[in-house]
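Reading the structure
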Amino acid sequence: MSELRSLAVREQFATADQQRETATVGMWVFLVTEVMFFGGLFMTHIVYRLLHTAAFDRGSADMSIVLGSTNTAVLISSSFTMALAVHAAQEGKWRRLAGFLFATMLIGSVFLGIKFAEYYQHYREHQVPGFWFETSDPDPGGLQMFFVYYFAMTGLHALHMIIGIGVLAVLLFRSGLERFTSAYHNPVVIAGLYWHFVDIVWVFLFAIFYLPGLHL
Amino acid sequence: MIGAVEVKPSRTYLDSQEGILSWLLTTDHKRIGLLYVFSITAFFVVGGFFALLMRLELLTPVTDLVSAETYNKLFSMHGIIMVWFFLIPSIPTTLGNFLIPMMIGAKDVAFPKLNLASWYIFNLGGLVTLYALIRGGVDTGWTFYTPFSTSYSTTYVVAAALGIFIAGFGSIITGLNFIATIHKMRAPGMTWFRLPIFIWSHYATSLIFVLATPILAITLLMVGFERILKVGIFDPALGGDPVLFQHIFWFYSHPAVYIMILPGMAVISEIVPAFSRKPLFGYKAVAYSSLGIAAIGFLVWGHHMFVAGQSLYSAMVFSILSYLVAVPSAIKVFNWTATLYKGSVSWDTPMLYAIGFIGLFTIGGMTGLFLAALGLDVHVTDTYFVIAHFHYIMVGGAVMAYLGGVHYWWPKISGKLYPEGLAKLSALIVFIGFNLTFFPQFILGYLGMPRRYAAYPDEFQVLNVLSTAGASILGVGYILPLVYLIWSWKYGKPAGPNPWRATGLEWKTPSPPPQHNFETTPVVTYDAYDYEAMKEELELV
Amino acid sequence: MNSSSWLRPVAASSVSGEYDAFFWAMVLVCGAVAIGIAIALIYFAIRYRRRSENQLPPQIRVNLAAEVTWIALPFLIFMGMFAYGAKLYLDIERPPENALELYVTGKQWMWKLQHPEGAREINELHVPVGQSIKLNMISQDVIHSFYIPAFRVKQDVLPDRYTTLWFRATKAGEYHLFCAEYCGTKHSGMIGAVYAMDPHEYQVWVDRGAAEGSLSSLGEKMFHQFGCANCHHFDGHGRGPNLQRLYGQTVRISGGGSVTADDTYIRESILDPRAKIVEGFTDLMPTFKGQIAEEQIIQLIAYIRAIGPQPVTGAPQPWIVQPGTTAISGTQPETR
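Every chain is numbered independently, its residues counted from 1 as its sequence is written. Each chain is given a letter, starting from A, and each ligand a number, starting from 1, according to the order in which they appear as written. Local features in this predicted model are restricted to residues of pLDDT 70 or higher, and side-chain atom pairs are both shown and tallied only at a pLDDT of 80 or more, whereas totals for entire chains, interfaces and linings draw on every residue.

Remarks on the overall build of chain C
The line we're drawing: Each helix corresponds to a stretch of at least 4 residues labelled H or I by DSSP, and each strand to a stretch of at least 2 residues labelled E; elements are numbered beginning at the N terminus. Exposure classes come from backbone-placed C-beta atoms, where a residue is buried if 20 or more other C-beta atoms lie within 10 Å of its own, exposed if 12 or fewer do, and partly exposed in between. Our contact criterion uses C-beta atoms placed from the backbone: two residues qualify when those atoms are within 7 Å.
Scanning chain C from terminus to terminus reveals 7 helices and 12 strands. In terms of principal-axis extent, the alpha carbons of chain C reach across some 95 × 50 × 40 Å. Burial status across chain C gives 39% buried among its 336 residues. Within chain C, contacts between residues separated by at least 24 positions form 70% of all contacts whose residues are at least 6 apart in sequence.

So, the overall build of chain B
The criterion, for reference: Every radius of gyration here is taken over C-alpha atoms, with the globule rule written as 2.2 Å times N^0.38, N being the number of residues.
Within chain B, the secondary structure is distributed over 17 helices and 2 strands. By the compact-globule yardstick of 24 Å for 541 residues, chain B fits well, its C-alpha radius of gyration being 23 Å. Once the C-alpha set of chain B is aligned to its principal axes, its extents read approximately 70 × 45 × 45 Å. Counting only residues that meet the buried cut, chain B has 66% of its 541 residues in that class.

What to know about the nonpolar core
A general tendency of soluble globular proteins is for nonpolar side chains to be buried together. Stated formally: To define a nonpolar core, we join buried Ala, Val, Leu, Ile, Met, Phe, Trp, Tyr and Cys residues through C-beta atoms within 7 Å and take the resulting set. For the domain bounds, the source is a domain assignment made automatically or taken from a database.
Counting residues in hydrophobic clusters, the biggest one holds 328 residues, and the most contacted among them are Ile268(B) and Ile358(B). Composition of this core by domain shows at least three residues from each of domain 1 (9–46 + 94–212) and domain 2 (215–306) of chain C.

Examining the interface of chain B and chain C
Going by this rule: Under the scheme applied here, ten amino acids are nonpolar (Ala, Val, Leu, Ile, Met, Phe, Trp, Tyr, Cys and Pro), four are charged (Asp, Glu, Lys and Arg), and all others, including Gly, are polar.
Counting from both sides, the interface comprises 78 residues of chain B and, opposite them, 75 residues of chain C. Of the residues forming the side of chain B that touches chain C, the biggest block, 14 residues, is contributed by helix H11 (residues 312–340) of chain B. For the side of chain B that touches chain C, a count of residues per class yields 52 nonpolar, 16 polar and 10 charged.

Overview of the sheet that holds strand E9 (residues 173–179) of chain C
Residue and element names in this part refer to chain C. Selection criterion: When DSSP locates at least two bridges between a pair of strands, those strands are taken to pair. For helices, the axis comes from a line fit to the C-alpha atoms of the stretch in contact; other axes are also lines fit to C-alpha atoms, and the angle between any two N-to-C directions lies between 0 and 180 degrees.
Pairing within the open sheet is mixed, and its 5 strands lie in the order E4-E10-E9-E6-E7. The sheet terminates laterally at strand E4 (124–128) and strand E7 (153–157), the two strands that pair on one side only. Neighbour-to-neighbour, the strand axes of this sheet turn through a mean angle of 20°, independent of strand direction. Of the strand pairs in this sheet, E9 and strand E10 (residues 192–197) are connected by 5 bridges, and their pairing is antiparallel. Bridge pairing links Glu-174 to Tyr-195 in E10. Each of E4 and E10 touches helix H3 (residues 199–208); the most contacted strand, E4, lies at about 130° to it.

What to know about the interface of chain B and chain A
The interface is formed by 30 residues belonging to chain B together with 28 residues belonging to chain A. Secondary-structure elements contributing two or more residues to the side of chain B that touches chain A are helix H7 (157–184), helix H8 (197–229) and helix H9 (242–274) of chain B. With 8 residues, H8(B) is the largest single contributor of residues to the side of chain B that touches chain A. Of the residues that constitute the side of chain B that touches chain A, the class distribution is 22 nonpolar, 4 polar and 4 charged.

Digging into the packing of helix H2 (residues 29–57) of chain B against helix H16 (residues 461–491) of chain B
Residue and element names in this part refer to chain B. So the rule is basically this: Orientation is classified from the angle alone, with under 35 degrees giving roughly parallel, over 145 giving roughly antiparallel, 65 to 115 giving roughly perpendicular, and any other angle giving oblique. Each crossing gets its handedness from the near helix: less than a right angle anticlockwise from the far helix is left-handed, clockwise is right-handed.
Interhelical geometry of H2 versus H16 gives an angle of 155° and a closest axis separation of 9 Å. The angle between H2 and H16 places the two elements in the roughly antiparallel class. The interaxial crossing formed by H2 with H16 has left-handed handedness. In this structure, H2 uses Gly-48, Ala-51, Leu-52, Arg-55 and Leu-56 to contact H16, whose residues at the interface are Ser-467, Thr-468, Ala-471 and Gly-475.

Brief notes about the sheet that holds strand E8 (residues 163–168) of chain C
Residues and elements named next belong to chain C. Across the sheet, 5 strands lie side by side as E3-E2-E1-E5-E8; this open sheet has mixed pairing. Both outer strands of the open sheet, strand E3 (120–122) and E8, are each paired with one neighbouring strand and no more. The mean inter-strand angle of the sheet, taken between neighbouring strand axes irrespective of direction, is 25°. The sheet contact formed by strand E2 (residues 110–114) and E3 spans 3 bridges and is antiparallel. Paired with Lys-112 across the two strands is Ile-122, which belongs to E3.

A word on the domain arrangement of chain C
All names here are of chain C. When its domains are assigned, chain C resolves into domain 1 (9–46 + 94–212) and domain 2 (215–306). Distance between the C-alpha centres of domain 1 and domain 2: 31 Å. The interface of domain 1 with domain 2 comprises 12 residues on the first partner and 8 residues on the second. Put simply, the parts of the chain that give the side of domain 1 that touches domain 2 at least two residues each are strand E1 (100–107), E2 and strand E5 (132–139).

A look at the pairing of E2(C)
All names here are of chain C. Strand direction decides the pairing type here: E1 and E2, joined by 5 bridges, are antiparallel. Considered in E2, the bridge of Tyr-103 is made with Gln-114. Where E1 folds back on E2, the antiparallel hairpin that results is connected by 2 residues. Joining the antiparallel neighbours E2 and E3 is a turn of 5 residues, in which Gly-118 adopts a positive phi near 120°.

A look at unusual backbone geometry
All names here are of chain B. Cis geometry is adopted by the peptide bond preceding Pro-512, which originates at Ser-511 and carries an omega value of -5°. Mapping Pro-512 onto the fold places it in the loop between strand E2 (493–494) and helix H17 (531–534). Of note in the backbone geometry, Lys-342 takes a positive phi value of approximately 55° without being a glycine. If you trace the backbone, Lys-342 turns up in the loop between H11 and helix H12 (349–372).

Let's talk about helix H7 (residues 294–306) of chain C
Residue and element names in this part refer to chain C. We count it as follows: In a helix, the anticipated span is given by 1.5 Å times the number of residues less one.
If you check H7, its first and last C-alpha atoms are 19 Å apart, about what 13 residues at 1.5 Å a residue would give, namely 18 Å. Along H7, the residues that are buried comprise Ile-297, Ile-298, Gln-299, Leu-300, Ile-301, Ala-302, Tyr-303, Ile-304 and Arg-305. Close packing links the buried residues of H7 with E1, E2, helix H4 (215–225) and helix H6 (263–271).

Section: the pairing of E7(C)
Residues and elements named next belong to chain C. Most of E7 is tucked away: 5 of the 5 residues are buried. Neither face of E7 is open: one carries Val-153, Gln-155 and Val-157, the other Lys-154 and Asp-156, and all of them are buried. The sheet contact formed by strand E6 (residues 144–148) and E7 spans 5 bridges and is antiparallel. Along E7, the bridge assignment pairs Ile-148 with Val-153. Between E6 and E7, which pair antiparallel and follow one another directly, the connecting turn spans 4 residues, one of which, Arg-152, has a positive phi of 60°.

Side note on the confidence of the model for chain C
Residue and element names in this part refer to chain C. Note the following rule: Across the chain, each position has a pLDDT score giving the predictor's confidence in that residue, from 0 to 100.
Across chain C, the average pLDDT comes to 89, with 92% of residues at 70 or higher. The secondary structure element of chain C with the lowest average pLDDT is strand E12 (residues 258–260), at 89, and the one with the highest is E6, at 98. Across residues 324–336, confidence stays below pLDDT 50; counting only partners more than four residues off in sequence or on other chains, it has 22 contacts. Model confidence for the complex is summarised by a pTM of 0.93, with the ipTM given as 0.93.

Some remarks on the environment of Val83(B)
Residues and elements named next belong to chain B. Structurally, the position occupied by Val-83 is in helix H3 (residues 68–87). Residues Val-83 and Met-260, 177 residues apart in the sequence, show an inter-C-alpha distance of 8.3 Å. Setting aside residues no more than four positions away along its own chain, Val-83 makes contact with Ile-88 and Trp-142.

What follows is the structure, encoded as structure tokens:
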């Protein structure tokens, strides 16, 4: 078995395959914990949406569907570049890998930029609960609750994006040092899993915060 | 060789590397297990000290030893420390960390560095919580019910919640590590149904760790937001719902109690076959029951809220499901008992703790049946009946299992034998002290004494005095093992690899084991607890 | 205070007999099982104790019949326990139609009680023996819980929402009243006494306390004092809905949907009138949040209940879903 061991196989593993499969299991379990983490917020959001339907609809209508949709398209294309990065890693093409990792990071940053621009806009319109919230809405508590969830959930999502960009930066660095080959590139694969998960969470956030306001 | 004393000093995990840094930066799961032993023992002492003060105060019907404010902080801190900094981590992070890789024939867990990180995260959470304690404590109860915790309490709620929040990540990492380890690091031949039940139970525990703990994180985060920003999440005046807090809190906290008991059941499932010298009766039933408890445990949270204002119909559903979750626990009790039938039963200390566990867990579990009965719960919920119920399971169950497991695997962990006579005496003291402390509390609850009361009507005094007397005896029972185990670490008789003649891969290694557990990867060819197949190796007739 | 024995606490309500019977049946069944397990363990441990250090006993692994038995039998027993528990629960939770309704306000750290005839009490509750009593309860701050051990009843008392509890005392006497949900510093001091009295004595007591007027007559005063009468005319031509014959009816709300006009809805309409506006009316009613005390809201509710059964003299009320039915009294379903 020793000929299959390279410097990249850790002590506790017998083979490189075992290491790769174990790391993948670990990432999937981690993503399940993330589902529960966001899920808790989604569930209580639903409860409050049922209690304050009209106010939540009015809050949705107040969101910028243009910026929201743009951000959705941005994030989905970052998932595309991430998938291309994984593909490049599989082919052993480290320069292409590095390029696509960088593109993903860049597009992710664009997402964050647009998000923070939206936050600033809400701040200007006095829609930040806890800091500056004023409204003449007939259900002020309900509308504030909408924005509490908006900021909490998109904020948590943005935090996950920032961490994701950090992880990609580390991978970019290692790919520049030619650490990844077609035989060993699992860290890129599982980082891709994480990135796609964060993307999917955004799609759900887009659906619950932006779409109801369209009254389709 | 059985019973032979190791003459040549070999490199064990204890002396594989020297110096304090080699411990603080270790990635060896066995050393990490010992690091956790230090942490949880320290927290147990702090939590136990608060319990002692509470019981002293309750000797008299009036608040004379401490003020009402202090009493409220005492029961809150006792609960928080015991639940999150002792019970939830205890067996998994100590015995689990030490034994899981060994039992499956692996060199270590899947992610050793994450394992070390979890210990630091756990201690960081503990430090933040202790900070809250030192600054003045928290008085919301370990349950943090709103709107009291979010809008009315003037104590260090956010700090305490933050400490628990941080420690929760340690739990999640431990659970994740165990799941990956059990799935992917089993030795050749170690199929799922050859695994010891210790592994099955810890696997089920780990599923709850990863699925439930994030919900706790979100719950505490929302309490923190509400307290700092006052945006109305649980404040009815701002459109929030305080009962919603109870739903999300108990959605985590009920599975959490199964995190606290499944590892105890794991230990018992190892001790009972070992000291009956036959396989665990009904292995598959017990294995599936572990998973069943974890799964159904997620569906019963509403039984904490039968008088909280939920609808009669949801109460009915939660009641039925609560009875359903009792079935797998009953299965385990019957199978453990049946394992002794026609066995070769030895009365060593671990077995005394195990038998004590089965009896006390049965009592605790059955009082759970009382609480699951909707009509009965109305009178006894929020009284000492509930306190007695969960202490029978947590202390009479989980703590006794922990002590039993520590004694059982002590020779493996330390390479030494503990003093058997003194250990048996301590087990007896614990059993007597425990029952005297908590049985009167069932009566107190039925008589109507509410919980979290610093002062109470005179007629409840006699039972309270009995309970406090029991607590002092119980305290002695806990101090003794602390003393003699530490003594035996240095002065105990050297233990061989397998002093109990037990099955299990961990007993095939020297005591203490070397750093990487096995010289060569074992190949497993028989079932768990297969004394028949191992009888030559174990020299049994 | 009536004293309890350790085997049976004071039992003084219509359900306490049923409760204790079931409780002790559970003790017997569970006790038998616990003792059975204990005896089995001790017997096996002695009978099959290890004879020699290297003994290998028969390696029995499984017995399907035993396994199935001890899965099926407990399950059936548990379902029986559920059924009894559910029946007892329905008896405890569902008040009879003829219950006398009192109002309870809990706050840190005292109980305030209002009788419909006008008597008010703090930390004490006088009730007649043999009469069903229904308590409508609300908290002014945190969650409390109203607990009378002798009657075997308990119900959490919530802010912003009414919850109910009912009982019928069967024995005269003085019984503990406890707060059973931790509510802060003086939680253990939020206690009192329930006095169950002979019905004649109760009548004397309650008449003495009615000097100020009944709850509903006080409510009528509030109705005018707060200006409600200015908009809520009884001829149907006011700017607000006619509140006669309203209590307990299903009301259509503007924007779709309907709501039951119960205590919680009336209270919400006073404190947050924009939340659910009656169909056909507009957002005109001011909020009284911060200006009206919880007890005054209760008085208004009592008044609206009192005018509930009055025949309508003015214009029809199209926003009421089922005209012609009388106001519901004791058997109102829980709101959420």
